[in-house]
Every structure is written in C-alpha cells, then in structure tokens.
Amino acid sequence: MLSSMEQSKTKRFCNNSKFMKKIFIHLLLFICPLLSFAEVEIDGIYYHLVGKGNWIAYVYGTSDWDYWNRYEQETIVIPETVKYDGLTYKVTRIDNYAFAECINLKSITIPNSVKSIEKSAFLRCSNLTNVTLSDNLISIAAGAFSDCYSLAHLTIPESLISVDEYAFDGCSKGLTSIVVDSSNSKYDSRDNCNALIETETNKLILGCQNTNIPASVTAIGYRAFFECNNLTSISLPANLISIEDGAFAHCYSLTNLAIPESLASIGKSAFWGCGESLTSIVVDSSNPNYDSRDNCNALIETETNKLILGCQNTTIPVSVTVIEEDAFACANLSSIVIPKNISEIGYTIFWRCDNLTSITVEADNNIFDSRNNCNAIIRTADNTLITGCRNTIIPSSVTTIGKYAFSGFHNLRSINIPDGVSRIEEEAFQYCYDLESIVIPSTTTYVGGSAFYGCDNLDDIYCYAETPCFDNWIELEDVTLHVPATSINSYKSTYGNNFKDIVDIEDDENNETVCQTLDLTIISPIGYGKVISVPMATNEGQPLTWTAEDSSIASINDGTLTALKVGTTTVTATQAGNNDYKPFSREFTLTVT
C-alpha cells in the first residue's frame, strides 16, 4: 500500500501528465500545418507539400548527396497547382537537385506559379534542349542549369532579378541565342547581342557562340563563355575593363585574340585551354597593363614581365622573367625555347600539349636547364625536373620528379626513371592516360599519393625500392605492384588493399611473355554523329576486340567508332593473350556532345 503522501504525489503526477498531454496535443494541432507532409508523387512528379497559411508545393527529386534521379520522362510539364487529400497546393519552387542528371529529359515547362529554381535543380541534364521559364520567376540559384550543354535557346522573363554566376555554367557549349525580356529591370540583352548582361554594372554574365559583345559592356563575368567550344572568334569592345576568372576557359575553337587598350584586369584562368586552335594573340600597343611585345603572339603582364597566355606561334621574348601556371595549356605546340631571363615557372605550363616534343632552355639561364638535350625543364640548383613532354629522357643527374612534371600528357606511353631519383612528387604523372606500366628505381624513397592519379590505363608498377616508398593514402586499386620478394610483406602491411595486388618482381623477370601495347588516344568529347577510326590490333599485331559499355551511345564495328547519341560511356579494347604475349585491356572514357 502507498502512503497518503505517496498517493498524493502519484495523483498530482497523473493530473500533471494529463495536463501536459493536453498541451502537447494542442501544440501538435497548431504546429502540424506548419510542417512538411510526406513526400508524394502526383502524375509522375514528386513534391514536398508545405502548409503555411497557404498550401504550397516544391518539386523535388534527389538530395544533395544522392544523385540518383526519379525522372525518366523526355518531356515534363509542371502544373501550377496539385491536389492531395482534398487540398490544393500551389507549386512555387523547383527544389535543390530536383531533376539533377535526368539524362532523358529533353523539355521542361515551368509554370508561372514558380518563383525560384534552387541549387543544381537541372544539373547535368545533358539532353535538355528546351526550357520554358515561369513568367514570375525571381531567382535562379547556383548550378541550376550547370552542364546542360544541349540547351540551345534561353529566354529570360521580365520578373527575374537574381541569377547566380554558376546558374548556367557550361551552357555556353550549346547555346545559340539568349534573349532577355525588354521590360526586365535587372538584366538585358541589348542590341540583340545574344548575351545576358547585368544592366547596372554593364557586366556580361553569360554568352554563347553567336554573341556580339556590345560596345557598352565593361566587364565579362566569371566563366561567361566557359566551354563555348564553337566560339571561333570574339571582338572585345573598346571600353572593356575587366575579364573575370575563367571567362573564356575551354573555348577550344578560338583562333585569335585581340586585347583592347582599355583592358586593365584579367582573372585567373580567363583563357585556360584556348591554345588548341589559338594562333594569334595581339595586344593594343597603347594598353598600359598588358602587351604582346616583339610580335611574340603572347599575352604579357607589362609591369611584372609575366607571360600569362601563349599559343602555338608564341616566341617567348627575352625580357620575360615569369611564365604563369597553365600559360600554354592545350596549345598545339611542337617546340618551345625558354630564354635566359626566365626565373620563375608555374605548374602545368604545358598541360595537354600532346604534340610538344622539344623543350630547350637557353644555355645561359642561371635558374633552369635542359641538360643533355633531355627535352625537359630542370631546376638547376636542386636537380628537380619541373616539366617534361612525351619525348623527355630523364637525365641520370635528376634526383626529383617535381609536382605536375608530366601531368596532363595523355599520350605519354613510357618513361625511364633512372637510378638516382629519390622523389616522385604529388601529381607528377597525373592523367597520363596512355601510361600502361612504369619502373621505379631502388633509389626512390618517396612517391606521392596522387603521383599516378587519373592514369586510367596503368596496369603495373615495378618498384625496386626495398622499403615501402608510396604515400600511405595512395589508391591504385586497378594496378598490380611488383616489388622485391623480401619486401612483399612490408608493402602489404603498409598499403593493405590500396593496390590490386602486390607480387614478387622476380616472377615477372622470369616470365618470357611480352606485354602488349596500343598507340591510341581517343580525344573526348566528340560530336554527335562523328565517326573515328580505331585500330584492330595491338602494336604487336595481335587482334583486338572492341566493346562499348552503352551501345546506344557508341558502336564499334570493323575499326570504326560511331557516336550515336549524346552521353558518356566506356569503350574497351581487349586482347586475350597467348604463349608469347600477356593479355591486354585498355578502357577509354568517351563523351558524346
């Protein structure tokens, strides 16, 4: 039995509990209309339903971390309202990642009830060609239409007042027309220029292959023409003051560049990768900030004597002292001479210069050299090779292969690393796609974790270093590491599953079968409908079998690869091997645009 005091306490507790329960129920009844209801599907479209006095719906499809999409339709028309459980909801927003990577989507109609398109809503909808925007749209967030490179036409409504600089990133690739409603107070496409311009600042924030930059434009915004591959020429206006970061990056077809007198500021990587077709660079002789002295076909920062952009016809003037990072990226260079006064060289100056076969440093340069006609640039003081090319022969006096030294040379198929090299730095051979095997000498004490990152066809590393020399976070799960027999256990205990396998190097030395090779680089992306030839045998004459992971994107028959539709797939060349030759396999990533 409970005492009277205990009974009293119990009674008060029960009463309080009932009271609290009533409060809790009333709170729920009050709060519930303010909470999101369960996600629902109505007529093939997914919505978040929200009540805040007015019943509204947000279109959704994925989460920030889940790129799986729910939409396979080619055409979607979003309604202004939807009905659920007897209530009518007004559709007001396209949510984050709603249609991200919906590669089947070709046409989307956004109703006039929608006021915002959120982050990455249509990210990488690579086949999206037609978008009808809401007449009441107010904002388009970062990445909303990023990499929608099939989008051909863009019409901006009167209501739009906020466009993030990333909103249409990469759309310049396919765009042919850009029109802004003449009543829009924030943006315009003055003079039928086929561009999106911020009216108050006169900044062009999005262009396309048919853009004619108006004379009144004073700035070209961040990545405004990014990946505008069909842009062959552009006339920069006489009043242009600034070109922001990445403004013309990846404009591979640009053939000439003329810099006006007025230009005072050029952002980082503004013309990155334009060198593939670029043959002429001329700066107005009255420009106080930049020049192309001595008809050098280069863009030079006058005050610092820094070369910031070169092309296939560049001759580096003797007065230049600095070559900026990526200065010749993708340039169709075959040879280059580094003059005597160059004292500073940035990383990856020859990124993707696949045709570069000759690099010469003038003999009286006190900082760098190209000893023994090695076709590389070596920092003399510490014997570090800082950049090479596909014809580089690494001298025996080199002790370090520097960061990014061979990075981006897709057609580097083999390289001999001599005894004496002690360090191979991070990203040294990054994205050397054609590299199939490499030998690391016994003198090597350090190999950077990302030294071979992106070497998709690298199958074997033969490492003679007895002490494990790779950075602990290296991940080469498709590569077999061959090491001295006495070191196998220490390598396995150090790197675990970081390699496909770790085996005895001596077994390979006793194996008389020969590795097969293939001299081929598939340049990607390629255009829809394009046909290219592929070899039907390895370099050793053994017949190849070609397959495409997605045969709807590409077909390969009798040595001919045909791009069938827009998309990305993996094509593979295989050879079974025999008593004389080891099996061979190489994958190529193919993107069709």
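Residues numbered from 1 in each chain as written. Predicted model: local features only at pLDDT ≥ 70, side-chain atom pairs only at ≥ 80, totals over all residues. Heavy atoms only, no water.

Here we look at the environment of Val320
In this structure, Val320 sits in the loop between β24 (306-309) and β25 (322-323). Separated by 13 residues in the primary sequence, Val320 and Leu307 have C-alpha atoms spaced 6.7 Å apart. Those residues in contact with Val320 that sit more than four places away from it in its chain are Arg293, Ile300, Asn305, Leu307, Asn341 and Ile342. (Helix = DSSP H or I, 4+ residues; strand = E, 2+ residues; numbered from the N terminus. Contact = heavy atoms within 4.5 Å.)

Describing a negative patch on the surface
Negative charge collects at one region of the surface, where Asp456, Asp459, Glu475, Glu477, Asp478, Glu549 and Glu587 lie side by side. Here Glu477 lies in strand β37 (residues 476-483). Assessed through its relative accessible area of 52%, Glu477 is described here as exposed. (Patch = residues over 30% accessible without salt bridge, like charges linked within 9 Å, V, L, I, M, F, W, Y side chains within 5 Å. Areas by Shrake-Rupley, 256 points an atom, 1.4 Å probe, with all protein chains shown as cover. Salt bridge = Lys/Arg side-chain N within 4 Å of Asp/Glu carboxyl O. Lys, Arg positive; Asp, Glu negative; His and termini not counted. Charge placed at Lys NZ, Arg CZ, Asp CG, Glu CD. Buried < 20%, exposed > 50% of the residue type's maximum accessible area, 1.4 Å probe, protein only.)

Quick word on the sheet that holds strand β40 (residues 545-548)
Across the sheet, which stays open at both edges, the 3 strands sit in the order β40-β43-β44 with antiparallel pairing between neighbours. Each edge of the open sheet carries a strand with a single partner, namely β40 and β44 (584-592). With strand direction ignored, the average angle separating the axes of adjacent strands in the sheet is 20 degrees. Pairing geometry for β40 and strand β43 (residues 567-575), over 4 bridges, is antiparallel. By the bridge assignment for β43, Thr545 is matched with Thr574. (Pairing = 2+ DSSP bridges. Axes fitted to C-alpha atoms, helices over the stretch in contact; angles between N-to-C directions.)

Looking at the environment of His250
With respect to the secondary-structure elements, His250 resides in the loop between β18 (242-243) and β19 (256-259). Spatially, the C-alpha atom of His250 lies 9.9 Å from that of Ala329, the residues being 79 residues apart in sequence. Dropping the residues within four chain positions of it, His250 is found in contact with Phe226, Glu227, Cys228, Asn229 and Trp272. Engagement of the side chain of His250 in a polar contact is seen with the side chain of Tyr252, the distance being 2.6 Å. (Polar contact = N/O pair within 3.5 Å; in protein donor to acceptor, adjacent residues only side chain to side chain.)

Concerning the sheet that holds strand β36 (residues 460-463)
With parallel pairing, 4 strands are arranged side by side in an open sheet as β34-β36-β37-β38. Each edge of the open sheet carries a strand with a single partner, namely β34 (437-440) and β38 (499-504). When strand polarity is set aside, the average angle formed by the axes of neighbouring strands in this sheet is 20 degrees. With 5 bridges connecting them, β37 and β38 associate as parallel partners. Residue pairing across strands places His482 opposite Val503, the latter belonging to β38. Contacts between helix α2 (residues 488-495) and the sheet are confined to β36, β37 and β38, with β38 contributing the most and set at about 165 degrees to the helix.

Focus: the packing of aromatic side chains
The description of an aromatic ring pair rests on the distance of the ring centres and on the angle between the ring planes. The full count for this structure, using the stated rule, is 22 aromatic pairs. For the ring pair Tyr46 and Tyr71, a centre distance of 5.8 Å and an interplane angle of 70 degrees mean the geometry is edge-to-face. Of this pair, Tyr46 sits in strand β2 (residues 45-52) while Tyr71 sits in the loop between β3 (54-60) and β4 (75-77), and the two are 25 residues apart along the sequence. The exposure class of Tyr46 is buried, given its relative accessible area of 17%. Taken together, a centroid distance of 5.1 Å and an interplanar angle of 5 degrees make the contact between Phe99 and Phe122 stacked. Here the residue Phe99 occupies a position in the loop between β6 (87-94) and β7 (107-109), and Phe122 occupies one in the loop between β8 (116-117) and β9 (130-132), the gap between them amounting to 23 residues. Each member of the pair, Phe99 as well as Phe122, carries the same accessibility label: buried. An aromatic cluster of at least three residues, connected via ring pairs, comprises Tyr46, Tyr60, Tyr71, Phe99, Phe122, Phe145 and Phe168. (Phe/Tyr/Trp six-rings, centres within 6.5 Å; stacked < 30°, edge-to-face > 60°.)

A look at unusual backbone geometry
Phi at Asn295 takes a positive value of approximately 50 degrees, unusual for a residue other than glycine. Locating Asn295 in the fold gives a position in the loop between β22 (290-291) and β23 (299-301). Exposure remark for Asn295: the relative accessible area of 73% places this residue in the exposed category. Unlike most non-glycine residues, Asn305 shows phi in positive territory, near 55 degrees. Note that Asn305 resides in the loop between β23 and β24.

Concerning α2
Inspection of α2 places Ile488, Tyr491 and Tyr495 among the buried residues, and these make up the whole buried set. The arc that holds the buried residues of α2, viewed along the axis, is 70 degrees, so those residues lie on one side. Exposed positions of α2 whose direction lies more than 90 degrees from the buried face are Asn489 and Ser493. Tucked into the core, α2 has its buried residues touching β36, β37 and β38. Just downstream of α2 lies Gly496, where phi reads positive at about 55 degrees. (Arc of directions from axis to C-beta.)

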